[in-house]
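Architecture at a glance
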Amino acid sequence: MILGLFTEICTNGGIQRVGRHAAVVLEDIARATDQPCRLLSINDPVGTTTIGTGGTYSVVRGFGGKKAGLIASALLAAPRASLIYMAHPGLAPVALGLRALHPGCRYWVHVHGTDIWARLSFLDRLALRRATGIISISRYSALRASAVNDVPEKLIRIVPNALDPELTALPTQRRTGAAGATLLTVARLAASERYKGIDSVIRALPSVRQHVPEVRYVVVGDGDDRPRLEALATECGVAGLVRFAGRVSEEGLASEYGDASIFVMPSSGEGFGVAYLEAMAFALPVIGGNHGGAPEVVEDGVTGFVVDREAVDVLSQRIILLLSDPTLGARMGERGRALVHEQFTFEHFRRRMREVMTTT
């Protein structure tokens, strides 16, 4: 049996998206080896849910937030498991118990960003060190896992995240000039994720407006930090320039990307940054954070710029430059789109993950 354990897989979010992509790979391996595939998720609704990615459908059993239920189900499956995938380092200790029941099984742990950047508990670190291997979404996260959590570098394999195939199936042609000088950010507006840098973009707007009076800023996403950000826009005198679009459908998201001029998210906490890939697929120049794994996605001076989240003056200058020089923005956007198709499609991810989990 191929066994996959997830924190959450059926909702929106970067780790959830990676989980859905990984589920396809587990299904691929199961079919190729004529084994059943069982997917278990702590925080998804109780019962079974069918999810689809890239034309492959999987059935996920959710436990409604009850970790004990997931562990009990995993323990029952362990004696038959030849390969176990842990979608988050917080699940890694469970694998130690599963391996005790079936010493011959292999287990892989997927690490992302801030989940691995700080020092974990002794048990978590032990579970990582005893894994068959660690899958990291970026070189930066791999280095942090090794340095901060004592994970041997020889265990780590880097598999970058990928553009979601459902988005690539939608039209990705920008409607140039449709909305003028429009900045766009796509992110969860969570108080725990203020590192995204939306507040920095808002603080940059007064300076940008002096040079580009028609500038507008669209924020897609929602969360408990939205009231603070709305109040900040009012405090900075730019509330009329900012539209908080909330959560949108896939079609609505494609429309927002199509209407935008620049994607801006100077985040200081991205392990990778799938939203950057989405923007690049729409040939948008990208301004990302000069932190974490973001510079591995956004090539400074080539597909956009990377800036320090706290350097609002520099952020303003980069926005003004791109809005004032459409030719530069178009060139960066086209290079970004080419880079996505060269390295970051779902099929790239699918092939890399399959190779890592079956040949190591």
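Going by the structure above, here's the rest.
My aim in this report is to walk through the structure given alongside it, one point at a time. (Residues numbered from 1 in each chain as written. Predicted model: local features only at pLDDT ≥ 70, side-chain atom pairs only at ≥ 80, totals over all residues. Heavy atoms only, no water.)

1. So, the side chain of Thr56
Along the chain, the position of Thr56 falls in strand β4 (residues 56–62). At 3.1 Å, the side chain of Thr56 forms a polar contact with the side chain of Arg350. When near neighbours in sequence (up to four residues on either side) are disregarded, Thr56 contacts Val24, Glu27, Arg31, Ile51 and Arg350. (Helix = DSSP H or I, 4+ residues; strand = E, 2+ residues; numbered from the N terminus. Polar contact = N/O pair within 3.5 Å; in protein donor to acceptor, adjacent residues only side chain to side chain. Contact = heavy atoms within 4.5 Å.)

2. Details of the nonpolar core
Among the nonpolar cores identified, the biggest contains 64 residues, and Leu183, Tyr257 and Phe263 are the most heavily contacted of them. Ranked by the residues each element gives to this core, the list is headed by helix α11 (residues 274–281), at seven residues. Membership of the second largest hydrophobic core comes to 34 residues, among which are Ala77, Ala92, Ile116 and Ile134. (Core = buried A, V, L, I, M, F, W, Y, C linked by side-chain atoms within 4.5 Å. Buried < 20%, exposed > 50% of the residue type's maximum accessible area, 1.4 Å probe, protein only.)

3. Points about empty space enclosed by the protein
Under the counting rule described, the total for this entry stands at one cavity of 30 Å³ or more. In this structure, the largest cavity occupies an estimated 50 Å³ of space. Around the largest cavity, the lining residues are Arg188, Leu189, Ala190, Glu193, Arg194, Lys196, Gly197, Ile198, Asp199, Asp225, Arg228 and Leu229. Of the residues belonging to the lining of the largest cavity, the class tally is four nonpolar, one polar and seven charged. (1 Å grid on protein atoms, 1.4 Å probe; cavity = no way out; pocket = protein on both sides within 12 Å on 5 of 7 lines; lining within 4 Å. Points joined across faces, edges and corners; volume = space filled by probe spheres on them. Nonpolar A, V, L, I, M, F, W, Y, C, P; charged D, E, K, R; others polar.)

4. Some details on the sheet that holds strand β12 (residues 262–265)
Overall, parallel pairing links the six strands, which are arranged β11-β10-β9-β12-β13-β14 in an open sheet. This sheet does not close on itself; its edge strands, each paired only once, are β11 (242–246) and β14 (304–307). On average, adjacent strands in this sheet sit at an angle of 20° to one another, irrespective of strand direction. Relative to strand β10 (residues 216–220), strand β9 (residues 182–186) runs parallel, the two sharing five bridges. Of the residues in β10, the one forming a bridge with Leu183 is Tyr217. Sitting on the sheet, helix α10 (residues 250–259) is in contact with β9, β10, β11 and β12, with an inclination near 145° to β9. (Pairing = 2+ DSSP bridges. Axes fitted to C-alpha atoms, helices over the stretch in contact; angles between N-to-C directions.)

5. Let's talk about the pairing of β12
The alternating pattern of β12 places Ile262 and Val264 on one face and Phe263 and Met265 on the opposite face, and all of these are buried. Bridging between β9 and β12 involves two bridges; their strand directions are parallel. The residue bridging Leu183 from the neighbouring strand is Ile262, located in β12. Pairing of β12 with strand β13 (residues 286–289), which is carried by three bridges, proceeds in the parallel orientation. Among the inter-strand pairings, Val264 is bridged to a residue of β13, identified as Ile287. Running through α11, the crossover from β12 to the neighbouring parallel element β13 is right-handed. (Right-handed = clockwise from strand over helix to strand, strands pointing away.)

6. A few points about the environment of Leu39
Within the secondary structure layout, Leu39 lies in strand β2 (residues 37–41). Judged by its relative accessible area of 1%, Leu39 falls in the buried class. Along the primary structure Leu39 and Leu26 are separated by 13 residues, whereas in three dimensions their C-alpha atoms are 8.9 Å apart. Setting aside anything within four residues of it in sequence, one finds Leu39 in contact with Gly4, Phe6, Ala23, Leu26, Glu27, Ser58, Val59, Val60 and Arg61.

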